[in-house]
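Residues per chain, in single letters:
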Amino acid sequence: MAIRIGDEAPDFTVESTEGPLHFHEWIGDKWAILFSHPKDFTPVCTTELGYMAGLKPEFDKRNTKIVGLSVDPVSNHQAWAKDIEETQGHAVNYPMIGDENLVVAKLYDMIHPNASGGARTAVDNATVRSVFIIGPDKKVKAMLIYPMSAGRNFDEVLRLLDSLQLNAKHTVATPVNWRPGEDVIIPTSVSDEDARKKYPDGFKTVKPYLRTVAQPK
């Protein structure tokens, strides 16, 4: 079954590099990012996992947990983590899920439903490079899906998280290429009258449907 934005993120219990992980319980009252990889000991994934480890303090500031997933056993993850630290300069500092039976991959529609677990190659798992941003309410807020050949831009994941959290707190939208601190958009669901009450310092009307205002604090 396909997952859509706004759906409740499927819950699961798995083994991870930090012990048993009960997903919804692990999220608690925080945000979470679940990101998956085709296979352990593969080059693009190695760079991604290391970069995410370097970004973890930024996610911590945003009350957000991160968890990786690969369709290999936890014992492989632990060995791979040494390579990641050696080559990328950052030790993996978040849990990595072992999903050799493809349970989570299928729950999240990351792989063909007829795929089977066991010995597999990265080519077999080419679709498993997904990102899910999940809110404290356990709802899926955003999804990104990449092919096996293209490493993800995790700075963009961080930017997207900032936008989602800003919307959750202030009910605003963000324009193209928005960066934190830049002007935001007042949604069309907010009337001019309500906008004037909410933003007493004023806002800019470019078109009746396009109104911008300084980012709320």
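Quick caveat: nothing in here was measured; it's all calculated off a predicted structure. (Residues numbered from 1 in each chain as written. Predicted model: local features only at pLDDT ≥ 70, side-chain atom pairs only at ≥ 80, totals over all residues. Heavy atoms only, no water.)

Colleague: What is the right way to look at the pattern of salt bridges in this model?
Modeller: Any two side chains of opposite charge can pair if their charged atoms end up close together. Scanning the entire structure with this criterion turns up 11 salt bridges. Here R129 makes a salt bridge to E48, at a shortest N to O gap of 2.8 Å. Of this pair, R129 sits in the loop between α4 (103-107) and β6 (130-134) while E48 sits in helix α2 (residues 43-61); the two residues are 81 residues apart in sequence, bridging distant segments of the chain. For R129, a relative accessible area of 1% translates into the label buried. Here the salt bridges do not stand alone but share partners, grouping E58, K61, R62 and D162 into one network. (Salt bridge = Lys/Arg side-chain N within 4 Å of Asp/Glu carboxyl O. Helix = DSSP H or I, 4+ residues; strand = E, 2+ residues; numbered from the N terminus. Buried < 20%, exposed > 50% of the residue type's maximum accessible area, 1.4 Å probe, protein only.)

Colleague: Explanation requested: the packing of aromatic side chains in the structure shown.
Modeller: Think of a pair of aromatic rings as described by two things: how far the centres are apart, and how the planes are tilted against each other in angle. In total, this model carries 8 aromatic pairs according to the counting rule given. Judged by centre distance (6.1 Å) and plane angle (80°), the ring pair of F12 and Y108 falls under edge-to-face. Of this pair, F12 sits in the segment before β1 (13-16) while Y108 sits in the loop between α4 and β6, placing them 96 residues apart in sequence. The exposure classification of F12 matches that of Y108, with both residues buried. Arranged with centres 6.5 Å apart and planes meeting at 85°, the rings of F23 and Y108 form a pair that is edge-to-face. On the criterion of sequence distance, the pair formed by F23 in helix α1 (residues 23-27) and Y108 in the loop between α4 and β6 is long-range, its members being 85 residues apart. We note that F23, like Y108, is buried. Taken together, the aromatic side chains of F12, F23, W26, Y108 and F132 make up a single cluster linked through ring pairs. (Phe/Tyr/Trp six-rings, centres within 6.5 Å; stacked < 30°, edge-to-face > 60°.)

Colleague: Looking at this model, I keep getting lost on the nonpolar core. Mind explaining?
Modeller: In summary, soluble globular proteins display a tendency toward joint burial of nonpolar side chains. Of all hydrophobic cores here, the largest spans 24 residues; its most connected members are F12, F23, L34, Y108 and M110. Elements supplying a minimum of two residues to this core: α1, β3 (31-37), β4 (64-70), α4 and β6. A per-element tally of this core places α1 first, with 3 residues. When residues no more than four places from it in sequence are discounted, the contact partners of Y108 are I3, A9, P10, F12, F23, L34, F132 and I134. Among the nonpolar cores identified, the runner-up in size contains 23 residues, and I66, I84, V131 and I133 belong to it. (Core = buried A, V, L, I, M, F, W, Y, C linked by side-chain atoms within 4.5 Å. Contact = heavy atoms within 4.5 Å.)

Colleague: Hey, could you run me through the pairing of strand β9 (residues 204-207) in this one?
Modeller: Side-chain direction in a regular strand flips from residue to residue, so the side chains alternate between the two faces of the sheet. Bridging between β9 and strand β10 (residues 210-213) involves 3 bridges; their strand directions are antiparallel. Along β10, the bridge assignment pairs K207 with L210. Hairpin connection between β9 and β10: a loop of 2 residues separates the two successive antiparallel strands. (Pairing = 2+ DSSP bridges.)

Colleague: Can you walk me through the pairing of β1 in this structure?
Modeller: Every second residue of β1 is oriented toward a common face, the buried set being V14 and S16 and the non-buried set T13 and E15. Where β1 meets strand β2 (residues 19-22), 4 bridges bridge the pair, whose relative direction is antiparallel. Bridge assignment links V14 to a residue of β2, and that residue is L21. Linking two consecutive strands that pair antiparallel, namely β1 and β2, is a turn of 2 residues.

Colleague: Just to check I follow, could you spell out helix α5 (residues 154-170) for this structure?
Modeller: Because each turn of an α-helix spans 3.6 residues, side chains separated by three or four positions end up pointing in the same direction. Over its 17 residues, α5 extends 24 Å from the first C-alpha to the last, a length consistent with the 24 Å expected when each residue adds 1.5 Å. Those residues of α5 lying buried are F154, V157, L158, R159, L160, L161, D162, S163, L164, Q165, L166 and H170. A distance of 3.0 Å separates the backbone nitrogen of D155 from a side-chain oxygen at the start of α5, and that oxygen is part of N153. Positive backbone phi, approximately 55°, marks T171, located one or two places after α5. (Expected span 1.5 Å × (residues − 1). Polar contact = N/O pair within 3.5 Å; in protein donor to acceptor, adjacent residues only side chain to side chain.)

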